[in-house]
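Descriptive structure summary
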Amino acid sequence: MKIVICGAGQVGYGIAESLAAEGNDVTVIDTSPTLIARIRETIDARGIVGHGAFPEVLTEAGAAEADMLIAVTLHDEVNMVACQVAHSLFNVPTKIARIRSQAYLDTRHESLFSSDSLPIDVVISPELEVAQMVLRRIALPGALDTVRFSDEAITLLAIECREDCPILATPLGQLSELFPDLGATVVGIMRDDAIFIPNSVDQLYADDLAYVVVEQIRVRRTLTLFGHEEPDVGRIVIAGGGNVGVAVARAMEKQRLASKLRIIEADRARALHVADELKKTIVLHGSALDPAILEEAEIGDADLLVSLTNDDQVNILSSAMAKRLGAKSNMALLNGRPFQALAKSVGIDAVISPKSVTISRILQHVRRGRIRAVHSVQNGLAEVIEIEALETSPLVGQPLKDLNLPDGMRIGAVSRNGVFMRPNAQTRIRPKDRVVIFMLSGSVRQVEQFFRVRLEFF
């Protein structure tokens, strides 16, 4: 595919890196010569210094032949105009824009992004996506990551294997024998900063991070099997009253949990605004790095601190301080990879990566075929996708044991007419089955070929 990306920041760079590595023809536009120099030096992609919404710049980028334009600059207005120009002048088939301001996303203005107004095919709001991820993790405190597929009937869990995990040193092939009705499959293991697809004789060890695909109704039991019986989160303190923090609090108010929630916001004007907007949540004005403010928020009795400010350093330090002052667990929003790598060593239990969340949403529309969902794992080292099997796929009809599946993938679950199926050697995929697959980044092209997910079959 020929793809033009407007914006070479963290998200734009990450998207370009992933897509260029898969052999796509990628061109990146940014006004910063420094960011474009980085693109040219480190990625097999073209870099153009210029304004992403200017017609002459898009012409130079090859927009007339592009299959897709992805606008992820820091400015909503630039992203929107870039999509408009790409549509009006170049007839680009698919246009994706990152829109951060909630003023544009108000449900009262749903027609704003229609083909008759601003022709944007996919609008992505990182703040709302991150808020949903935070809420999912709050709901499942034993999982470091959780994503739902197939109309929420199937769940991917990232589970830390601690020393007390009951199934350590047990061949994975034996788990189905020991727990035949569990409905869970270990599809990936992160060990010593490397990720791999396990086979039936592989075993889990302490400090491994296991990626497990499981039927939604058996999530709790699966976490218990892995030694995670954490109680539901009660008292929560949120550091940061930005769009993400407010979205989380608003959702908790709807669930009638706001009586157990505190928000700390450093900016006085913003704190007053948040206090007016949230009717049942206590909002404190002050720094999340101030022990006195944390004590006022009753951090010692908190089950969870969620640090969601715009500053990675504040998020790391406030999370560490909360633990020292008695909070049972913490979760931090971190943008930079160096901070993400540091997180575990300083006692951060879970990390939220806005970049990974945004890239996952975009990849869902870049992947060829009947892709229902995509989730990027470990900064792009692997992906989990939900795909609808087509009649043209060689995967259809034969038992899985007779197929020469790529080494870098593992089928975690099959949903047939809404019914969950844990795959085994005799499973036969049928047309229209929805298949959840865990795959290493280097296997994406093989998986696309195996599923015959070509645009001409649409």
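Residues numbered from 1 in each chain as written. Predicted model: local features only at pLDDT ≥ 70, side-chain atom pairs only at ≥ 80, totals over all residues. Heavy atoms only, no water.

**Brief notes about the overall build of the protein**
A count of helices and strands for the protein gives 15 helices and 22 strands. Projected onto the principal axes, the alpha-carbon positions of the protein cover approximately 60 × 60 × 40 Å. Among the 458 residues that make up the protein, the fraction classed as buried is 55%. By sequence separation, contacts in the protein at least 24 residues apart represent 64% of the contacts at least 6 residues apart. For the protein, the exposed area adds up to about 20,100 Å²; of that, 49% sits on carbon and sulfur atoms. Averaging the coordinates of the 48 positive side-chain charges in the protein and doing the same for the 58 negative ones gives two points 4 Å apart. (Helix = DSSP H or I, 4+ residues; strand = E, 2+ residues; numbered from the N terminus. Buried < 20%, exposed > 50% of the residue type's maximum accessible area, 1.4 Å probe, protein only. Contact = heavy atoms within 4.5 Å. Areas by Shrake-Rupley, 256 points an atom, 1.4 Å probe, with all protein chains shown as cover. Lys, Arg positive; Asp, Glu negative; His and termini not counted. Charge placed at Lys NZ, Arg CZ, Asp CG, Glu CD.)

**Looking at the pattern of salt bridges**
Within this structure, the stated rule accounts for 18 salt bridges. The salt bridge involving Asp303 is made with Lys328; its shortest N-O contact spans 3.7 Å. Of this pair, Asp303 sits in the loop between helix H11 (291-296) and strand E15 (304-307) while Lys328 is found in the loop between helix H12 (312-324) and strand E16 (330-333), placing the two residues 25 residues apart along the sequence. The exposure class assigned to Lys328 is exposed, which follows from its relative accessible area of 56%. (Salt bridge = Lys/Arg side-chain N within 4 Å of Asp/Glu carboxyl O.)

**Details of helix H9 (residues 243-254)**
The end-to-end C-alpha separation of H9 is 17 Å, in line with the 16 Å expected for 12 residues at 1.5 Å each. Of all the 12 residues making up H9, 9 are buried; the element is thus mostly covered by neighbouring parts of the structure. Of all the residues in H9, the buried ones are Val244, Gly245, Val246, Ala247, Val248, Ala249, Ala251, Met252 and Glu253. (Expected span 1.5 Å × (residues − 1).)

**As for the UniProt feature "domain: RCK C-terminal" (unreviewed entry) in the protein**
Here, the residues flagged by UniProt with the feature "domain: RCK C-terminal" (unreviewed entry) are residues 144-229 and 372-453. Taken end to end, residues 144-229 is 16% helix and 35% strand, and its two terminal C-alpha atoms sit 14 Å from one another. (UniProt positions renumbered as here; feature names shortened; annotations may be inferred.)

**A word on the packing of helix H6 (residues 126-139) against helix H14 (residues 354-366)**
One can describe the packing of H6 onto H14 by two numbers: an axis separation of 9 Å at closest approach and a directional angle of 105 degrees. With respect to their mutual orientation, H6 and H14 come out roughly perpendicular. For the pair H6 and H14, the contacting residues are Pro126, Glu129, Val130 and Met133 in the first and Pro354, Val357, Thr358 and Arg361 in the second. Its residues placed into classes, the contact of H6 with H14 shows 5 nonpolar, 1 polar and 2 charged. (Axes fitted to C-alpha atoms, helices over the stretch in contact; angles between N-to-C directions. Parallel < 35°, antiparallel > 145°, perpendicular 65-115°, else oblique. Nonpolar A, V, L, I, M, F, W, Y, C, P; charged D, E, K, R; others polar.)

**Quick look at a negative patch on the surface**
A grouping of Glu163, Asp192, Asp193 and Asp207 is seen on the molecular surface, where their side chains present a negatively charged patch. Inspection of the secondary structure assignment puts Asp193 in the loop between strand E9 (184-191) and strand E10 (194-196). Since its relative accessible area comes to 73%, Asp193 is described here as exposed. (Patch = residues over 30% accessible without salt bridge, like charges linked within 9 Å, V, L, I, M, F, W, Y side chains within 5 Å.)

**A short note on the packing of aromatic side chains**
Overall, the coordinates contain 1 aromatic pair when judged by the stated rule. Note on Tyr211 and Phe438: the rings are 5.6 Å apart at their centroids and 40 degrees apart in plane angle, and the pair reads as tilted. Of this pair, Tyr211 sits in strand E11 (residues 209-215) while Phe438 sits in strand E22 (residues 434-440), and the two are 227 residues apart along the sequence. Taken individually, Tyr211 and Phe438 each receive the classification buried, so the pair is uniform in this respect. Note that Arg38 overlies the ring of Tyr13, its terminal NZ or CZ placed 3.6 Å from the centroid. (Phe/Tyr/Trp six-rings, centres within 6.5 Å; stacked < 30°, edge-to-face > 60°. Lys NZ or Arg CZ within 6 Å of the ring centre and 35° of its normal.)

**Observations concerning the domain arrangement of the protein**
One can read the domain layout of the protein as domain 1 (2-124), domain 2 (130-226), domain 3 (235-353) and domain 4 (357-451). For domain 1 versus domain 3, the separation of C-alpha centres amounts to 32 Å. Between domain 1 and domain 3 lies a buried interface of about 230 Å² when both sides are counted; carbon and sulfur atoms form 26% of it. Our enumeration of links across domain 1 and domain 3 arrives at 0 salt bridges. Connecting domain 1 to domain 3 are 0 residue pairs in polar contact (both at pLDDT 80 or more). The residue makeup of the side of domain 1 that touches domain 3, split by class, is no nonpolar, 2 polar and 2 charged. (Domains from an automatic or database assignment. Buried area = accessible area lost by both parts, 1.4 Å probe. Polar contact = N/O pair within 3.5 Å; in protein donor to acceptor, adjacent residues only side chain to side chain.)

**Some words on H12**
Given 3.6 residues per turn, any residue in an α-helix points the same way as the ones three and four places further on. Here H12 is 13 residues long and its end C-alpha atoms lie 19 Å apart, about the 18 Å a rise of 1.5 Å per residue gives. Among the residues of H12, Asp312, Val314, Asn315, Ile316, Ser318, Ser319, Met321 and Ala322 are the ones counted as buried. Contact partners of the buried residues in H12: H11, E15, E16 and helix H13 (337-343). Where H12 starts, the residue carrying a side-chain oxygen 2.8 Å from the main-chain nitrogen of Gln313 turns out to be Asp311. One or two positions beyond H12, positive phi appears at Gly326, with a value near 115 degrees.

**Considering the sheet that holds strand E2 (residues 25-30)**
The strand order across the open sheet built from 6 strands is E3-E2-E1-E4-E5-E6, with neighbouring strands paired in parallel fashion. The sheet is open, and its two edges are formed by strand E3 (46-49) and strand E6 (122-124), each paired on a single side. Looking at each pair of strands side by side, their axes are set apart by 15 degrees on average, direction ignored. Here 4 bridges tie strand E4 (residues 68-71) to strand E5 (residues 94-98), and the two strands are oriented parallel to one another. Looking at the pairing, Leu69 lines up with Lys95 of E5. Set on the sheet, helix H4 (residues 76-90) makes contact with strand E1 (2-6), E4 and E5; between it and E5 the angle comes to about 170 degrees. (Pairing = 2+ DSSP bridges.)

**Structural notes on the nonpolar core**
Ranked by size, the top nonpolar core spans 44 residues in total, and within it Ile5, Ile15, Ile70 and Ile437 carry the most contacts. Per element, the largest residue contribution to this core is 6 residues, and it comes from helix H1 (residues 10-21). Two domains each donate at least three residues to this core, and these are domain 1 (2-124) and domain 4 (357-451). Discounting residues that sit within four places of it in the chain, Ile15 has contacts with Ile5, Ile70, Val72, Ile359 and Ile362. (Core = buried A, V, L, I, M, F, W, Y, C linked by side-chain atoms within 4.5 Å.)

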